[in-house]
Amino acid sequence: MYSDDVKTDEPEATHRSKIPMFSHFRDLNPNLTRVMMFLALYLTIGTLCFYLVRDQISGDKTNAVIDAVYFCIVTMTTVGYGDLVPNSSASMLLACAFVFSGMVLVSRLLSRAADYLVEKQEALLVQTDILKEQHANKLRYKCYATCLVLVVLFFAGTVFLVMVEKMPVIAAFYCVCSTVTTLGYGDKSFSSGTGRLFAVFWILTSTICLAQFFLYLAELNTETKQRELVKWVLTRRITNDDLEAADLDEDGVVGAAEFILYKLKEMGKIDEEDISGIMEEFESLDYDDSGTLTTSDIVQAQTTS
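These figures come from a predicted structure and were not determined experimentally.

**A word on the overall build of the protein**
For the protein, the count of helices and strands is 12 helices and two strands. Secondary structure of the protein in N-to-C order comes out as α-α-β-α-β-α-α-α-α-α-α-α-α-α. Here the protein, with 305 residues, has 33% of them falling under the buried criterion. Element-wise, carbon and sulfur atoms account for 63% of the exposed surface of the protein, whose accessible area totals about 19400 Å².

**What about the nonpolar core?**
Within the largest apolar cluster, 43 residues are counted, with the highest numbers of intra-cluster contacts made by Phe50, Tyr70, Met76, Tyr81, Phe190 and Ile203. Of all elements in the fold, only α2 (30-52), α3 (64-76), α4 (89-125), α6 (138-163), α7 (169-180) and α8 (193-235) reach the threshold of two or more residues within this core. No other element matches α8, which puts nine residues into this core. If sequence neighbours within four positions are ignored, Met76 has contacts with Leu39, Tyr42, Gly102, Met103, Leu105, Val106 and Leu204.

**With respect to the UniProt feature "transmembrane region" (unreviewed entry) in the protein**
Residues annotated by UniProt as "transmembrane region" (unreviewed entry) correspond here to residues 35-53, 65-84, 90-110, 143-163 and 197-218. Counting secondary structure, residues 197-218 comes out at 100% helix and 0% strand; the distance between its end C-alpha atoms is 33 Å.

**A closer look at the side chain of Thr75**
Along the chain, the position of Thr75 falls in helix α3. The exposure class assigned to Thr75 is buried, which follows from its relative accessible area of 11%. Not counting residues up to four positions away in its chain, the partners in contact with Thr75 are Ala95, Phe98 and Val99.

**Considerations on the packing of α3 against α8**
Viewed as axis vectors pointing N to C, α3 and α8 meet at an angle of 35°, and their least axial separation amounts to 9 Å. In the crossing of α3 with α8, the sense of the turn from one axis to the other is left-handed. For the pair α3 and α8, contact is made by Ile66, Asp67, Val69, Tyr70, Ile73, Val74 and Met76 and by Gly193, Arg196, Leu197, Ala199, Val200, Ile203 and Leu204, respectively. By residue class, the composition of the contact of α3 with α8 is 11 nonpolar, one polar and two charged.

**Some remarks on the packing of aromatic side chains**
The geometry of an aromatic ring pair is captured by the separation of the ring centres together with the interplanar angle, meaning the angle of the planes. Within this structure, the stated rule accounts for 13 aromatic pairs. Ring plane angle 45° and centroid distance 6.4 Å describe the contact between Phe160 and Phe190, whose orientation is recorded as tilted. Linking Phe160 in helix α6 with Phe190 in the loop between α7 and α8, this pair joins segments that are 30 residues apart in sequence. Phe190 sits in the buried class, given a relative accessible area of 0%. One aromatic cluster is present, formed by Tyr70, Tyr81, Phe160, Phe190, Phe198 and Trp202 through successive ring pairs. Over the ring of Tyr51 we find Arg54; its NZ or CZ atom is 4.2 Å from the centre of that ring.

**What about the pattern of salt bridges?**
All told, the structure shown has four salt bridges when counted by the stated rule. Among the salt bridges present, the one from Arg196 reaches Asp83, with a minimum N-O distance of 3.4 Å. Placement of Arg196 in helix α8 and of Asp83 in the loop between α3 and β2 (84-86) is noted, with a sequence separation of 113 residues between them. We classify Arg196 as buried; its relative accessible area is 0%.

**Here's the deal with α3**
Over its 13 residues, α3 runs 18 Å from end to end, which matches the ideal 18 Å to within 8%, given 1.5 Å per residue. Most of α3 is tucked away: 11 of the 13 residues are buried. Among the residues of α3, Ile66, Asp67, Ala68, Val69, Tyr70, Phe71, Cys72, Ile73, Val74, Thr75 and Met76 are the ones counted as buried. Two or three places before Val65, at the opening of α3, Asn63 has a side-chain oxygen 3.0 Å from that residue's backbone nitrogen. Looking one or two residues past α3, Thr78 carries a phi angle of roughly 60°, positive in sign.

**With respect to the side chain of Glu165**
By secondary structure assignment, the location of Glu165 is in the loop between α6 and α7. Comment: no salt bridge for buried Glu165; closest opposite-charge side chain is Arg196, at 6.9 Å. Setting aside residues up to four positions removed in sequence, Glu165 forms contacts with Phe160, Phe190, Ser191, Ser192 and Gly195.

**What to know about unusual backbone geometry**
Phi is positive for Thr78, close to 60°, though the residue is something other than glycine. Along the chain, the position of Thr78 falls in the loop between α3 and β2. With relative accessibility at 34%, the residue Thr78 sits in the partly exposed group. With a phi close to 60°, Lys166 is a non-glycine residue in the positive phi region. Looking at the element boundaries, Lys166 is found in the loop between α6 and α7. Under the relative-accessibility criterion, Lys166 is labelled exposed at 65%.

Criteria and thresholds
Note on numbering: residues in each chain are counted from 1, in written sequence order. Restriction of local features to residues with pLDDT of at least 70 applies here, the model being predicted, together with a cutoff of 80 or more for giving and counting side-chain atom pairs; totals for whole chains, interfaces and linings are based on all residues. Heavy atoms from the whole structure form the basis of all side-chain values; hydrogens and water molecules are not counted. Helix numbers and strand numbers start at the N terminus; a helix is a DSSP run of H or I with at least 4 residues, a strand a run of E with at least 2. Relative accessible area decides the class of each residue, using a 1.4 Å probe on protein chains only: under 20% of the type maximum gives buried, over 50% gives exposed, and in between gives partly exposed. Here the open area of atoms and residues is found with the Shrake-Rupley method and a 1.4 Å probe, where only the protein chains shown may cover a residue. Each nonpolar core is a collection of buried residues, namely Ala, Val, Leu, Ile, Met, Phe, Trp, Tyr and Cys, held together in the definition by side-chain atoms within 4.5 Å. Here, two residues are considered to be in contact whenever any of their heavy atoms come within 4.5 Å of each other. UniProt positions are given in the numbering used here, feature names are shortened, and annotations may be inferred rather than shown by experiment. Axes, fitted as lines to C-alpha atoms, cover a helix only where it is in contact. Angles between the N-to-C directions of the axes lie from 0 to 180 degrees. Helix crossings get a hand from a simple test, with the near helix turned counterclockwise from the far one by less than a right angle marking a left-handed crossing and a clockwise turn marking a right-handed one. Side-chain classes are defined by residue name, with Ala, Val, Leu, Ile, Met, Phe, Trp, Tyr, Cys and Pro counting as nonpolar, Asp, Glu, Lys and Arg as charged, and the others, Gly among them, as polar. Classification of ring pairs uses Phe, Tyr and Trp, with its six-membered ring standing for Trp, and accepts pairs whose centres are within 6.5 Å; under 30 degrees between planes counts as stacked, over 60 as edge-to-face, and the remaining range as tilted. Criterion for a charge above a ring: Arg CZ or Lys NZ at most 6 Å from the ring centre, at most 35 degrees from the ring normal. Salt-bridge detection follows one rule: a side-chain nitrogen of Lys or Arg within 4 Å of a carboxyl oxygen of Asp or Glu. Every helix has an expected span of 1.5 Å times one less than the residues it contains. Nitrogen and oxygen atoms within 3.5 Å of one another constitute a polar contact, given that in protein one can donate a hydrogen and the other can accept it, and given that sequence-neighbouring residues count only through two side-chain atoms. His is not counted here, nor are the chain ends, while Lys and Arg score as positive and Asp and Glu score as negative.

Next comes the structure, spelled out in structure tokens:
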């Protein structure tokens, strides 16, 4: 009779086994989910197109389907080994279309997928007390997490090329570096079917992580300079010229609000255009021209609108 006694047709163990999969899917950012759907569509269409023109693509071939997916990934990431190349007008035009559409898709992946991967890595690191106390340095730890992922990807790629593709260690590391940076000389590449299947996932992940790492470094550099500017603004001596500049209403007295605005302008967090826009909104709400906002002003503004 109690709700706890109610039975379902589905076994409890089976029900529990389905929860993690759906919970992980729901945890994905909606924008990331959309990008992943576009990626799946891109790879599906690309695989079909390049499979249909497989006789118009020359080079070292393995499995037709794997080669088609591999060629899509190499084209999309602009690696371009040269181990598979179009040799007809139709296949060349098709490759041109897919390289541009692939670059657009990669740019979306850079801003969505890499963020998601790094945030998952960061979630593991944030459990320590040190990072809880250093919340302001979140971007720095994102750089650390991305660097850690890159090291793992470099190591995995090198080991795979040595074990599966039978490359010397130096040649394998050289191939990894030329691939991740999308340099793609073409003298070293994935030549076996197993290697190309691995490359489909590894190339996409590693190139995105490297690009995101450099993006985080640029953001960290900008943030560091901004902090230095803020520190300088807050520690330097105030002069009479500063007080004169901070006196917005020119009444000879600088109030707390005027001083705060002046400091924010020095820090680059606000400019004259922002202040003018805010003042215009204030004046439009101040119906009694008292220089202050009251409940009656807001009610009258809402009624008028």
